[in-house]
Amino acid sequence: MPTLPWVTPNPPRPGTQVLVMASRLEVRTLREVPRFFLKAMSAWRQVRRAPGAVGASLVAEPFRRTFWTLSAWEDRATLNAYVRAEPHYSIMTSLRPVMKDSSFVFWEGPAEELPVGWAEARRRLAEQA
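A brief look at the structure comes next.

Conventions used here
- Residues numbered from 1 in each chain as written.
- Predicted model: local features only at pLDDT ≥ 70, side-chain atom pairs only at ≥ 80, totals over all residues.
- Heavy atoms only, no water.
- Axes fitted to C-alpha atoms, helices over the stretch in contact; angles between N-to-C directions.
- Helix = DSSP H or I, 4+ residues; strand = E, 2+ residues; numbered from the N terminus.
- Parallel < 35°, antiparallel > 145°, perpendicular 65-115°, else oblique.
- Left-handed = near helix turned anticlockwise from the far one by under 90°.
- Contact = heavy atoms within 4.5 Å.
- Nonpolar A, V, L, I, M, F, W, Y, C, P; charged D, E, K, R; others polar.

Glancing now at the packing of helix α1 (residues 33-47) against helix α3 (residues 88-95). Geometry of a packed helix pair, given as the angle between the helix axes and the separation of the axes. Look at α1 against α3: their axes get within 10 Å of each other, and the N-to-C directions meet at 160°. Between α1 and α3, the angle falls in the class roughly antiparallel. For the element pair α1 and α3, the recorded crossing hand is left-handed. Side by side, α1 and α3 meet where Arg35, Phe36, Lys39, Ser42, Ala43 and Gln46 of the first sit next to His88, Ile91, Ser94 and Leu95 of the second. A class-by-class count of the residues in the contact of α1 with α3 yields four nonpolar, four polar and two charged.

Attention shifts here to the environment of Ala77. Relative to the helices and strands, Ala77 is located in helix α2 (residues 76-84). C-alpha of Ala77 to C-alpha of Gly52: the two residues are 25 residues apart in sequence and 8.7 Å apart in space.

Viewed as axis vectors pointing N to C, α2 and α3 meet at an angle of 65°, and their least axial separation amounts to 5 Å. As summarised for this structure, α2 and α3 are arranged roughly perpendicular, according to the angle between their axes. Every residue of α3 that contacts α2 at Tyr82, Val83 and Arg84 is listed here: His88, Tyr89 and Met92. Of the residues in the contact of α2 with α3, the class split is four nonpolar, one polar and one charged.

Turning to unusual backbone geometry, a few remarks are in order. Between Glu86 and Pro87 the backbone carries a cis peptide bond, its omega angle lying at 10°. Looking at where Pro87 falls in the secondary structure, it is placed in the loop between α2 and α3. The residue after Leu114, namely Pro115, is reached through a cis peptide bond having omega 0°. As for its placement among the helices and strands, Pro115 is situated in the loop between β5 (99-110) and α4 (118-128). With a phi angle near 60°, Arg65 is a residue other than glycine that sits in the positive phi range.

Structure below.
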């Protein structure tokens, strides 16, 4: 299972709350996995320089057609700005037809608790499902 480890594009200010987002993204067919992965790498490069991004990680399970993201943001506004910015916006809209399932969960926590572990992210996604 390839994992891109937690990176910290913009270190958070101590004593602040951050918005954490975890997602599980599943494509319909194995044939779509390479395309999804290439586009995910483009979004990964974008998040590494996105204003307000305070951390991110990605897990790819290509043979299960599933990708997991975990990111932390200064606030909802900076996350929303990233989602609407290019190339993420075009990636998101172009991949919608090949998606089988997508799950997202959001929570707030202290900046000092970053990075969030994958066990916690998966637990929260499972609770939501």
